[in-house]
Amino acid sequence: MKIALIGLGSVGRGVAEMVAKKDLGITITAVADSTSVCMDADGIDIHTLLARKKKSGRCGDEGVSVTELLKKADYDALVEVSPTNALTGEPSIGYIKTALNRKKHVVTSNKGPICLAGKELRALAQKKGVALRYEATVAGAIPVMHLLEHGLAGNEILAIYGILNGTCNYILTRMADEGLTYDQALLEARELGYAEADPTYDVQGIDAAIKLVILANTIWGNGATLDDVERTGIDLLTADALRLAEEDGCTIRLIAEAIPRKHILRVSPRIIPKNHPLVVEGTLNALTLETDMAKEITLIGRGAGSVETASAIIGDLLYIRNHYDKRA
Ligand code: HSE
């Protein structure tokens, strides 16, 4: 399977490294970062590519745009992992459309395009007879989309609740366990590389709300938008609030919840007992699905990280190869 990799940041590097390390039958034939591109229909040598990127900050040459690359290169699937733009989804929406219009499959970790234009992009993929998969957009390595699509097929999903932002969870854990101030904990989270480029997206609950919208639209196809999410972040939370919760055997977590029968689509800090299954530590994510047949299922795992997110991308690629299009 040949892939075009757009974005060579943390996630793109993780994908490239795992493709080089593991015998997956995946060949990278085109790569673009924010300033350059490289292309080789026979397969790009990944070690040389990553060494060049590390040394010069560029993966290849200037002069060819990403759109031109996507129109010219030889690939079966676009892996779109460039930085997310939550306001317009661009330029990634354009990249995804270019690939779909060429009847190429698309796998992405990019939350902006799927939150803002998921319905349109899914329709385009269907029209062109190719796959659009986005497991990596929600809860990183946790295969929630695969579970919904396959393991829970036939179930009615009644509600979802969970921790969808690792940065906030890390901040709340560090404040409660180590008595760090909000600013100290946020600084640590940024240093770990989990926070968004603009961490207000994390701490104001916007990132969790985006993921909630993606999940809600995938499950219920109800056309939810970011504006439909009632949202409170953790940016105004004090150490005192955490201490008071602690005195009652509880703690505070930023919970995203979608309960269609109650018209709830909400992200907010909630006081929950410390032994509740959703009380996970550090940068972990956790998600409970309430269903009619399987009842409750809770998933816990890494919601971000280079190789962790690559796991979701590679799972989607191999799914496409094995089930969707045996030619790829
Ligand atoms: N900033 C996000 C988080 C990254 O902290 O969960 C993964 O989407």
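All of these numbers come straight from a predicted model, not from anything done at the bench.

1. Description of the overall build of the protein
For step 1, the next point in the chain: Secondary structure assignment for the protein yields 12 helices and 12 strands.
For step 2, the next point in the chain: Projected onto its principal axes, the C-alpha positions of the protein cover 60 × 45 × 35 Å.
For step 3, the next point in the chain: Expressed as a percentage of its 328 residues, the buried residues of the protein come to 55%.
For step 4, the next point in the chain: Excluding contacts between residues fewer than 6 apart, the proportion of contacts in the protein whose partners are at least 24 apart in sequence is 68%.

2. Structural notes on the site of the ligand
For step 1, the next point in the chain: Near the ligand you find 13 residues, and of these Lys111, Thr167, Tyr194, Glu196 and Asp202 are the closest.
For step 2, the next point in the chain: For the ligand, an oxygen atom lies 3.5 Å from a polar atom in the side chain of Asn165.
For step 3, the next point in the chain: At 2.7 Å, a side-chain N or O of Asp202 approaches a nitrogen atom of the ligand.
For step 4, the next point in the chain: Protein contact buries 90% of the 260 Å² of open area that the ligand shows by itself.
For step 5, the next point in the chain: Secondary structure elements with two or more residues in the shell around the ligand: helix H7 (166-178) and helix H10 (206-220).
For step 6, the next point in the chain: Here the residues of the shell around the ligand are counted per class, giving four nonpolar, four polar and five charged.

3. Some words on the layout of surface pockets
For step 1, the next point in the chain: When its volume is computed, the second largest pocket comes out at roughly 420 Å³.
For step 2, the next point in the chain: Residue lining of the second largest pocket: 18 residues in total, with Arg122, Leu132, Arg133, Tyr134 and Glu149 positioned closest to the centre.
For step 3, the next point in the chain: Taken together, the elements giving at least two residues each to the lining of the second largest pocket come down to helix H5 (111-128), strand S6 (132-133), helix H6 (144-151) and helix H12 (306-324).
For step 4, the next point in the chain: Taken together, the residues that form the lining of the second largest pocket break down as 10 nonpolar, two polar and six charged.
For step 5, the next point in the chain: Taken domain by domain, the makeup of the lining of the second largest pocket includes at least three residues from each of domain 1 (2-140 + 307-324) and domain 2 (147-302).

4. Considering the side chain of Ser306
For step 1, the next point in the chain: Its location among the elements puts Ser306 in helix H12.
For step 2, the next point in the chain: Side-chain polar atoms of Ser306 contact the backbone oxygen of Ser10, separated by 2.7 Å.
For step 3, the next point in the chain: Not counting residues within four places of it along the chain, the set of residues in contact with Ser306 comprises Ser10, Val11, Arg13 and Gly14.

5. Remarks on the sheet that holds strand S10 (residues 264-273)
For step 1, the next point in the chain: A sheet is described by the order of its strands in space; here six strands give the open sequence S8-S10-S9-S7-S11-S12, paired in mixed fashion. Among the strands making up the open sheet, the edge pair consists of strand S8 (230-231) and strand S12 (296-302).
For step 2, the next point in the chain: Here strand S7 (residues 157-163) runs beside strand S11 (residues 284-291); their pairing, made up of six bridges, is antiparallel. Of the residues in S11, the one forming a bridge with Ile163 is Ala286.
For step 3, the next point in the chain: Against the sheet, H7 touches S7, strand S9 (250-259) and S11, its axis set at about 160° to S9.

6. Brief notes about the environment of Pro260
For step 1, the next point in the chain: Following the sequence through the fold, Pro260 ends up in the loop between S9 and S10.
For step 2, the next point in the chain: Taking the C-alpha atoms as reference, Pro260 lies 9.5 Å from Ile157; in sequence the two are 103 residues apart.
For step 3, the next point in the chain: If we ignore the near neighbours within four places in the chain, the residues touching Pro260 are Leu158 and Trp220.

7. Observations concerning the sheet that holds strand S3 (residues 37-39)
For step 1, the next point in the chain: Spatially, six strands are ordered S3-S2-S1-S4-S5-S6 in an open sheet, and the strand pairing comes out mixed. Single-partner strands in this sheet number two, and they are S3 and S6.
For step 2, the next point in the chain: Note that strand S5 (residues 105-108) and S6 share two bridges and pair parallel. By the bridge assignment, Val107 is partnered in S6 with Arg133.

8. Some details on the pairing of S9
For step 1, the next point in the chain: Buried residues dominate S9, accounting for 10 of its 10 residues.
For step 2, the next point in the chain: Going residue by residue along S9, you find Cys250, Ile252, Leu254, Ala256 and Ala258 tucked away on one face and Thr251, Arg253, Ile255, Glu257 and Ile259 tucked away on the opposite face as well.
For step 3, the next point in the chain: In terms of strand pairing, S7 meets S9 through three bridges, oriented antiparallel. Pairing of Tyr161 across the sheet is with Glu257, part of S9.
For step 4, the next point in the chain: In this structure, S9 lies alongside S10, joined through 10 bridges in antiparallel fashion. Each bridged residue has a counterpart across the sheet, and for Thr251 the counterpart in S10 is Ile272.
For step 5, the next point in the chain: Adjacent in sequence and paired antiparallel, S9 and S10 are bridged by four residues, among which His263 carries a positive phi angle near 55°.

9. Some thoughts on the packing of aromatic side chains
For step 1, the next point in the chain: Enumeration according to the criterion identifies zero aromatic pairs in this entry.
For step 2, the next point in the chain: Over the ring of Tyr75 we find Lys104; its NZ or CZ atom is 5.4 Å from the centre of that ring.

10. Quick notes on unusual backbone geometry
For step 1, the next point in the chain: Cis geometry is adopted by the peptide bond preceding Pro91, which originates at Glu90 and carries an omega value of 5°.
For step 2, the next point in the chain: The residue Pro91 is located in the loop between strand S4 (77-80) and helix H4 (92-101) in this model.
For step 3, the next point in the chain: The phi torsion at Ala139 lies on the positive side, around 60°, for a residue other than glycine.
For step 4, the next point in the chain: Notably, Lys295 is not glycine yet its phi reads approximately 65°, a positive angle.
For step 5, the next point in the chain: The residue Lys295 is located in the loop between S11 and S12 in this model.
For step 6, the next point in the chain: Residue classification places Lys295 among the exposed residues on the basis of a relative accessible area of 52%.

How each quantity is defined
All residue numbers refer to position in the chain's written sequence, counted from 1. Whole-chain, interface and lining totals are the exception, using all residues; otherwise, since this is a predicted model, local features are given only for residues with pLDDT of at least 70 and side-chain atom pairs are given and counted only at 80 or more. Side-chain metrics rest on all non-hydrogen atoms present in the structure, leaving aside hydrogens and water. Strands are runs of DSSP state E lasting at least 2 residues, helices are runs of H or I lasting at least 4, and numbering of each runs from the N terminus. A simple rule labels every residue: compare its accessible area, found with a 1.4 Å probe on the protein chains alone, to the largest value its type can have, and call it buried under 20%, exposed over 50%, or partly exposed in between. Contact definition: two residues touch when any of their heavy atoms are within 4.5 Å. Residue proximity to a molecule or strand is established when one non-hydrogen atom of the residue lies within 4 Å of it. Distance and chemistry together define a polar contact, namely a pair of N or O atoms within 3.5 Å, with one atom able to donate a hydrogen and the other to accept it when in protein, and with adjacent residues in sequence counting only for side-chain atoms on both sides. In this description, accessible areas are obtained by the Shrake-Rupley approach with a 1.4 Å probe, and a residue is regarded as covered only by the protein chains that are shown. Just so you know the grouping, Ala, Val, Leu, Ile, Met, Phe, Trp, Tyr, Cys and Pro go in nonpolar, Asp, Glu, Lys and Arg go in charged, and all remaining residues, Gly too, go in polar. The pocket and cavity definitions rest on a 1 Å grid over protein atoms only: a 1.4 Å probe that fits but cannot leave marks a cavity, an open set with protein on both sides within 12 Å along at least five of seven lines marks a pocket, and residues lining either have an atom within 4 Å of a point. Grid points are joined across faces, edges and corners, and a volume is the space filled by probe spheres set on the points. Residue ranges labeled as domains rest on an automatic or database domain assignment. Strands are treated as partners if at least two bridges between them are detected by DSSP. Lines fitted to C-alpha atoms define the axes here, with helix axes fitted over just the stretch in contact, and angles between the N-to-C directions of these axes take values from 0 to 180 degrees. To pair, rings of Phe, Tyr and Trp, with the six-membered ring standing in for Trp, must have centres within 6.5 Å; the planes then decide the type, stacked if under 30 degrees apart, edge-to-face if over 60, and tilted in the middle. For a Lys NZ or an Arg CZ to count as sitting over a ring, it must be within 6 Å of the ring centre and within 35 degrees of the ring normal.

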